[in-house]
Amino acid sequence: GVRTVSIESTDQLFKAVAQEFRQADCLIMAAAPADFAPARTTRQKIKKADVATTLALKPTVDILSQVAGSKKSGQIVVGFALETQQGLAHAKQKLNEKHLDMIVLNQPGRNTGFGSDTNRVTVLLPGKKPEAWPLMDKCAVAVKLLEKVASLR
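Definitions and cut-offs
Residues numbered from 1 in each chain as written. Predicted model: local features only at pLDDT ≥ 70, side-chain atom pairs only at ≥ 80, totals over all residues. Heavy atoms only, no water. Phe/Tyr/Trp six-rings, centres within 6.5 Å; stacked < 30°, edge-to-face > 60°. Lys NZ or Arg CZ within 6 Å of the ring centre and 35° of its normal. Helix = DSSP H or I, 4+ residues; strand = E, 2+ residues; numbered from the N terminus. Buried < 20%, exposed > 50% of the residue type's maximum accessible area, 1.4 Å probe, protein only. Pairing = 2+ DSSP bridges. Contact = heavy atoms within 4.5 Å. Axes fitted to C-alpha atoms, helices over the stretch in contact; angles between N-to-C directions.

## What about the packing of aromatic side chains?
Okay, step 1: Going through the model one piece at a time under the given rule, you end up with 0 aromatic pairs.
Okay, step 2: The side chain of K144 reaches across the aromatic face of W133, ending 4.5 Å from its centre.

## Re the environment of T112
Okay, step 1: Its place among the elements puts T112 in the loop between β5 (102–106) and β6 (118–119).
Okay, step 2: Taking the relative accessible area as the measure of exposure, T112 reaches 7% and is therefore buried.

## Details of the sheet that holds strand β8 (residues 131–132)
Okay, step 1: Pairing is mixed in the open sheet, where 5 strands are placed in the order β1-β4-β5-β7-β8. Across the chains shown, the open sheet's two edge strands, defined by having one partner strand only, are β1 (26–29) and β8.
Okay, step 2: Of the pairings in the sheet, the one linking β1 to strand β4 (residues 76–82) comprises 4 bridges and is parallel in character. Looking at the pairing, M29 lines up with G79 of β4.
Okay, step 3: The strands touched by helix α4 (residues 138–151) are β1, β4, β5, β7 (121–124) and β8; relative to β5, the strand with the most contacts, the crossing angle is about 160 degrees.

Quick look at the structure:
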């Protein structure tokens, strides 16, 4: 029952997510695979001697925000926020600005986040007090998140 859609860029991911979201009940995702992309690309290897001292970047599309802005009644959109400073404030802002039904705040630290089997997250819903979950195995976090999403229906 799983269908794979192959993509190679943030723009391709945006188009694929927008297409699939039309018939989805729920979307759970990060805003984008990257916040920035190179402003200039080339099909050839860039030689060390040809590189300037700066690399120009351009912002990528915020897929989550774009798709959430087109959600229909009954669709649920859940996002993730990885924050290293002022986590709750930034997560609340994203929850509101992106019109999400839930946002999961990740704050990397000891035994959490990337490269770890465990995580400690805070779940925010519009108009509700943030829920700080204890340190858990990432699979347990995933199950609890799905239960939380199911309770929104």
